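Observations on the model geometry
Next come the chains, spelled out residue by residue.
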Amino acid sequence: MEWEAIESRLNALLENGRHGELRGAMRMLNVVDIAQYMENLDKDKLLLVFRILPKDISADVFSYMAPEQRQTLIESIGDQEIRALMEDMFLDDAVDFLEEMPANVVKRVLQNTTPETRNLINQFLRYPEYSAGSIMTIEFLEFHAGDTVKMAMDTIRRVGLDKETIYTLYIIDSARKLIGTLALRKMILAHEDAVLSDMMQRNPISVYTTDDQEIVADTVRRYDLLAIPVVDKEERLVGIITADDVMDVIEEENTEDFEKMAALTPSEDEYLKTSPFRLALNRIPWLLIMAAVAIFTGMIIKGFEDVLATSIVLTSCIPMLMNTGGNCGSQASTLIIRGIALGEIEFKDWFRALWKEFRVGLMVGVVLFLFTFLLVTLIYGASFTEALVVALALYATVLIAKGLGCTLPLLAKKIGFDPALMASPFITTLVDATSLTIYFMIATTILKIAV
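Residues numbered from 1 in each chain as written. Predicted model: local features only at pLDDT ≥ 70, side-chain atom pairs only at ≥ 80, totals over all residues. Heavy atoms only, no water.

1. Some thoughts on the side chain of serine 197
Keep this limit in mind: Strands here are runs of E lasting at least two residues and helices are runs of H or I lasting at least four, both read from the DSSP assignment and numbered beginning at the N terminus. For the exposure calls, accessible area comes from a 1.4 Å probe over protein chains only, and a residue counts as buried if that area is under 20% of its type's maximum, exposed if over 50%, partly exposed in between. Residue contacts are counted whenever heavy atoms from the two residues lie within 4.5 Å of one another.
Following the sequence through the fold, serine 197 ends up in helix α14 (residues 196-199). We classify serine 197 as buried; its relative accessible area is 15%. Residue contacts for serine 197: discarding those within four places in its chain leaves Ala145 and Arg202.

If you want it as structure tokens, here you go:
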């Protein structure tokens with residue numbers, strides 16, 4: 001059934017006051033779809049629909065709602081409803097929600113939680129932003145090394161519904177240090193008297209609370225994990241990070257990289273919900289920087305105006321030279337940035353990557369040299385000398401652009417900057433200045449010889 005038809009049916013039930021049917025219809029939907037439906041409701045209808053929701057799914061729906069709707073609800077419902085909502089939410093979802101709320105909303109929510117929950121939330125909020133500790137959950141299953149399968153199964157039946165995941169069991173020693181993990185599938189196939197420590201996988205993959213969330217995402221991707229344990233500096237198990245949170249991290253990091261590669265200051269807000277003023281503010285600094293750099297490109301052209309005055313062909317070929325150089329640099333930098341993001345390339349691989357791009361540049365340069373020589377001769381009617389200048393300059397530009405596109409992202413990563421900064425706009429601007437310098441040096445040299 002098309003979503004438009006579903007939304008229309010829900011709206012009709014709501015408008016006609018058929019709340020019982022609306023409640024039943026929403027029970028048949030996924031919580032994500034319910035949250036999407038509620039995005040378009042005004043304040044009064046939003047509150048009404050939320051109160052109609054079955055209590056066993058209201059907290060899940062709330063965790064998928066947009067920040068604006070969540071703030072509206074918290075400001076509209078009573079203290080008892082807030083208390084019930086916070087009790088039903090997973091702790092990591094509650095922390096994510098509070099991180100997006102203004103101080104007055106956070107204060108009211110914390111006032112309506114138990115002292116234990118309040119202490120846990122405050123502990124999570126103290127972790128560095130974008131760290132493993134800030135996105136982990138404490139709703140997981142932990143057992144001691146001497147526990148048996150029967151003991152573990154009894155515990156799962158008793159508390160499993162309150163845990164975010166039960167597919168992996170975490171085994172700790174008496175000091176709460178993580179010593180192993182055990183897949184639920186493996187445990188339920190074992191004899192009930194079997195000891196967990198005899199079946200567990202030792203030396204489990206884990207991350208520290210202070211590790212950056214990008215490290216977490218890379219680790220989960222590399223080892224194909226459904227969840228990854230989080231330990232403190234004493235190797236004590238303090239939480240886990242599940243695959244759904246990792247997917248959110250990957251989306252955030254990819255979005256941030258795309259924005260940086262387009263020379264934009266990263267924004268956490270959705271495009272349609274961001275004000276034009278904020279969008280302009282995100283773009284202006286980079287545009288100013290690149291405009292300033294472009295001035296130097298103009299100065300280079302002005303410095304060789306005598307050379308350009310001798311040949312209209314050389315002037316006409318400047319855009320082609322700059323565009324081709326920028327494209328070559330962007331191609332190389334894109335592949336290197338992707339390799340860095342996937343952990344395939346490190347700074348120690350710099351020379352191997354440079355040597356590979358140099359060989360690529362040699363092959364690409366030959367094709368472009370021949371193509372440009374013929375094109376300039378046939379279209380512009382250039383002389384042999386003029387065509388040779390343009391073709392040689394383009395060949396040299398390709399080689400240098402490949403080298404810069406390969407080197408700059410790795411250098412940025414080495415000194416602690418995001419490699420995505422060394423993407424298309426920055427590379428193109430830098431290659432423009434470099435290619436023009438090479439162009440005019442070759443032109444000056446060859447034209448003097450020709451004379």
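After presenting the structure, the write-up continues.
2. Some points on the environment of lysine 233
Here lysine 233 is to be found in the loop between β6 (227-231) and β7 (237-242). Residue class for lysine 233 comes out exposed when judged on its relative accessible area of 71%. On a C-alpha basis, the gap between lysine 233 and tyrosine 208 in space is 6.8 Å, while along the polypeptide they are 25 residues apart.

3. A look at helix α21 (residues 350-380)
Residues spaced three or four apart along an α-helix face the same direction, because each turn holds 3.6 residues. For α21, the complete set of buried residues consists of Ala353, Glu357, Gly361, Gly365, Phe369, Thr372, Phe373 and Val376. Packing partners of the buried residues in α21 comprise α19 (312-316), α20 (318-341) and α22 (384-414). Glycine 381 sits one or two positions beyond α21 and adopts a positive phi of about 65 degrees.

4. Describing the nonpolar core
Worth spelling out the cut-off: Residues belong to a common nonpolar core when they are buried Ala, Val, Leu, Ile, Met, Phe, Trp, Tyr or Cys residues joined through side-chain atoms within 4.5 Å.
Of all hydrophobic cores here, the largest spans 57 residues; its most connected members are Met38, Phe62, Ile74 and Ile241. Discounting chain neighbours no more than four positions away, the residues touching methionine 38 are Leu46, Val49, Phe50, Leu53, Val61, Met65 and Gln69. Formed by 28 residues, the second largest nonpolar core is a distinct cluster that contains Leu308, Val376, Val389 and Phe440.

5. Observations concerning helix α7 (residues 79-88)
Inclusion rule: For this quantity, the arc is that covered by the directions from the helix axis to the C-beta atoms.
Turning to α7, its buried residues number three or more, namely Ile82, Leu85 and Met86. Along the axis of α7, the buried positions cluster into a sector of 95 degrees, meaning they face one direction only. α7 presents Gln80 and Glu87 as exposed residues on the side facing more than 90 degrees away from its buried surface.

6. Some details on the side chain of aspartate 245
Short version of the rule: All tallies of charge rest on Lys and Arg as positive and Asp and Glu as negative; His and the ends of each chain are not included. A carboxyl oxygen of Asp or Glu within 4 Å of a side-chain nitrogen of Lys or Arg is what we treat as a salt bridge.
Looking at the element boundaries, aspartate 245 is found in helix α16 (residues 243-261). Buried charge aspartate 245 goes without a salt bridge, the closest partner of opposite sign being arginine 70 at 10 Å. Ignoring sequence-local partners within four residues, the contact set of aspartate 245 consists of Asp92, Ile135 and Glu164.

7. Some remarks on the pairing of strand β3 (residues 178-183)
Stated formally: What makes two strands pair is DSSP finding at least two bridges between them.
Here strand β2 (residues 168-172) pairs with β3 via 5 bridges, running antiparallel. In the sheet register, threonine 168 faces β3, and the bridge partner there is alanine 183. Taken together, the 2 bridges between β3 and strand β4 (residues 201-202) define a ladder with antiparallel strand orientation. Counterpart to threonine 181 in the pairing with β4 is glutamine 201.

8. Digging into the sheet that holds β6
The line we're drawing: Each axis is a line fitted through C-alpha atoms, taken for helices only over the stretch in contact, and angles between the N-to-C directions span 0 to 180 degrees.
Here 3 strands make up an open sheet; going across it, the order is β5-β6-β7 and the pairing mixed. Both outer strands of the open sheet, β5 (207-208) and β7, are each paired with one neighbouring strand and no more. For β5 and β6, the ladder comprises 2 bridges, and the chain directions are parallel. Bridge pairing links valine 207 to valine 230 in β6. Set on the sheet, helix α15 (residues 213-223) makes contact with β5, β6 and β7; between it and β6 the angle comes to about 135 degrees.

9. Focus: unusual backbone geometry
Within the chain, tyrosine 130 stands out as a residue other than glycine whose phi angle is a positive 70 degrees. Inspection of the secondary structure assignment puts tyrosine 130 in the loop between α10 (115-125) and α11 (132-135). By relative accessible area, tyrosine 130 is classed as partly exposed at 34%. For aspartate 224, which is not a glycine, the phi torsion comes out positive at approximately 50 degrees. Inspection of the secondary structure assignment puts aspartate 224 in the loop between α15 and β6. Note on aspartate 224: relative accessible area 69%, which makes it exposed.

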